[in-house]
Amino acid sequence: MTKTDEIEDSSAPLIEHLAELRTRLIRSVLAFIVGIVLAFIVAEPILQFLVRPIEATLRELGDPSPTLQYTSPQEYLFTLFRISMVFGFALAFPVISYQLWRFVAPGLYKSEKGAFLPFLIASPFMFLLGAAFAQFVVTPLAMQFFLGFADVSSIFANLLAPAADDVPEEIIVVPETTEGVKITFFGKVNESLDITLKFILAFGLCFQLPVLLTLMGKAGLVSAEGLGAVRKYAMVGILVLAALVTPPDVITQLILFTVVYGLYEVSIFLVARVEKKREEQLRADGYYDDEEAEADAEMMQDYDETK
């Protein structure tokens, strides 16, 4: 066998992996495109669903016909396409995650496959749970806070035109005011959607906390004891996060803090269970010595006391 043959033989597995990666990427991109097309078909109902908190708030404030506007010819189309991108990815995610799983699974042991697969299923579920919490709880509270400053008594002056029977149709009826300049809410479609999508993304990612920490615990990167030791710092970080991603409304911030901190405590519990199962497995395999572990624990305790 020549040196050239050795190089070709050693590079063959790499070429096979690259070909496999290309196949998985092509299938994922095709699934994404199909998801975009399917989401675009129902993009308008999805948009109506996303802006429903704004509609409900405006109706509570007295607006009989909540309306959002767009100020450029292409804005509404791009808004629908943006929705199609986000929800198209959501539709294609099962296919994309399956392709990812098929690519990495041959390089994993049987025990590692069994450990990784539940997280692949739990991650989209927790994201959907966080997105639902943002849409049905956080966004309505935020809109009530923001739009509470709006003057909706004169949002659409032309609504008065049909009520004036004796006025010609070409004349627009505008309510007369004697209180100065009216500051009125005329919401834009893309900007209103941007707020809603940011809430959905932020809370969807926050709800990934148990999945992320449990996976790190399974890999041995974090421990339940370590997470419990930094609990006070986690509380400060969660408070800062709540102040950044929610409006300056104490109620909304407290809701976010309570939910995310609850997820942190759940993460500690899950990591502790992972450690317990790992310890039981090591003990069953004969790799875990109780006396040695107790000696190490006493040594670490003595070290902490002398610090």
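Rules behind the numbers
Residues numbered from 1 in each chain as written. Predicted model: local features only at pLDDT ≥ 70, side-chain atom pairs only at ≥ 80, totals over all residues. Heavy atoms only, no water. UniProt positions renumbered as here; feature names shortened; annotations may be inferred. Core = buried A, V, L, I, M, F, W, Y, C linked by side-chain atoms within 4.5 Å. Buried < 20%, exposed > 50% of the residue type's maximum accessible area, 1.4 Å probe, protein only. Helix = DSSP H or I, 4+ residues; strand = E, 2+ residues; numbered from the N terminus. Contact = heavy atoms within 4.5 Å. Patch = residues over 30% accessible without salt bridge, like charges linked within 9 Å, V, L, I, M, F, W, Y side chains within 5 Å. Areas by Shrake-Rupley, 256 points an atom, 1.4 Å probe, with all protein chains shown as cover. Salt bridge = Lys/Arg side-chain N within 4 Å of Asp/Glu carboxyl O. Axes fitted to C-alpha atoms, helices over the stretch in contact; angles between N-to-C directions. Parallel < 35°, antiparallel > 145°, perpendicular 65-115°, else oblique. Nonpolar A, V, L, I, M, F, W, Y, C, P; charged D, E, K, R; others polar. Expected span 1.5 Å × (residues − 1).

- As recorded by an unreviewed UniProt entry, the chain carries the name Sec-independent protein translocase protein TatC and is attributed to Ruegeria conchae.
- In its Function (unreviewed entry) section, the UniProt entry covering the chain states "Part of the twin-arginine translocation (Tat) system that transports large folded proteins containing a characteristic twin-arginine motif in their signal peptide across membranes. Together with TatB, TatC is part of a receptor directly interacting with Tat signal peptides."

As for the nonpolar core
In step 1: Ranked by size, the top nonpolar core spans 38 residues in total, and within it Leu 47, Phe 203, Leu 227 and Tyr 264 carry the most contacts.
In step 2: Those elements that provide at least two residues to this core are helix 2 (43–50), helix 4 (75–104), helix 5 (110–147), helix 6 (189–206), helix 7 (209–218), helix 8 (224–229), helix 9 (231–245) and helix 10 (250–285).
In step 3: When residues in this core are grouped by element, the largest group, eight residues, is from helix 10.
In step 4: Once residues within four sequence positions are removed from consideration, Leu 227 is found in contact with Leu 213, Val 222, Tyr 264, Ile 268 and Val 271.

Thoughts on a nonpolar patch on the surface
In step 1: On the surface, a cluster of nonpolar side chains totalling about 910 Å² of accessible area is made up of Ile 26, Val 29, Leu 30, Ile 33, Val 34, Val 37, Leu 38, Ile 41, Val 42 and Leu 91.
In step 2: The dominant element in the nonpolar patch, judged by the number of residues it contributes, is helix 1 (residues 3–41), at eight residues.
In step 3: Within the secondary structure, Val 29 sits in helix 1.

Observations concerning the packing of helix 2 against helix 4
Two quantities define a packed helix pair, namely the angle between the helix axes and the distance between the axes.
In step 1: It is the contact of helix 2 with helix 4, at a shortest axis distance of 9 Å, that shows an interaxial angle of 90°. When the axis of helix 2 is compared with that of helix 4, the two are roughly perpendicular. Contacts between helix 2 and helix 4 involve Ala 43, Glu 44, Ile 46, Leu 47 and Leu 50 on the former and, on the latter, Tyr 76, Thr 79, Leu 80, Ile 83, Ser 84 and Phe 87.
In step 2: A per-class count over the contact of helix 2 with helix 4 returns eight nonpolar, two polar and one charged.

Overview of the environment of Pro 124
In step 1: For Pro 124, the position within the fold is in helix 5.
In step 2: Taking the C-alpha atoms as reference, Pro 124 lies 8.9 Å from Gly 204; in sequence the two are 80 residues apart.

Brief notes about helix 7
In step 1: Of all the residues in helix 7, the buried ones are Pro 210, Val 211, Leu 213, Thr 214 and Gly 217.
In step 2: One or two residues past the end of helix 7 sits Gly 220, with phi positive at roughly 80°.

Some words on the pattern of salt bridges
In step 1: Considering all chains together, one arrives at six salt bridges under this definition.
In step 2: The salt bridge partner of Asp 194 is Arg 82, with a shortest N-O separation of 2.7 Å. Of this pair, Asp 194 sits in helix 6 while Arg 82 sits in helix 4, and the two are 112 residues apart along the sequence.
In step 3: According to the relative accessible area criterion, Arg 82 is partly exposed, its value standing at 33%.

Examining helix 6
In step 1: Helix length check: helix 6 (18 residues) gives 26 Å between terminal C-alpha atoms against 26 Å at 1.5 Å per residue, within 8%.
In step 2: Residues of helix 6 that are buried include every one of Val 189, Ser 192, Leu 193, Thr 196, Leu 197, Phe 199, Ile 200, Ala 202, Phe 203, Gly 204 and Cys 206, and no others.

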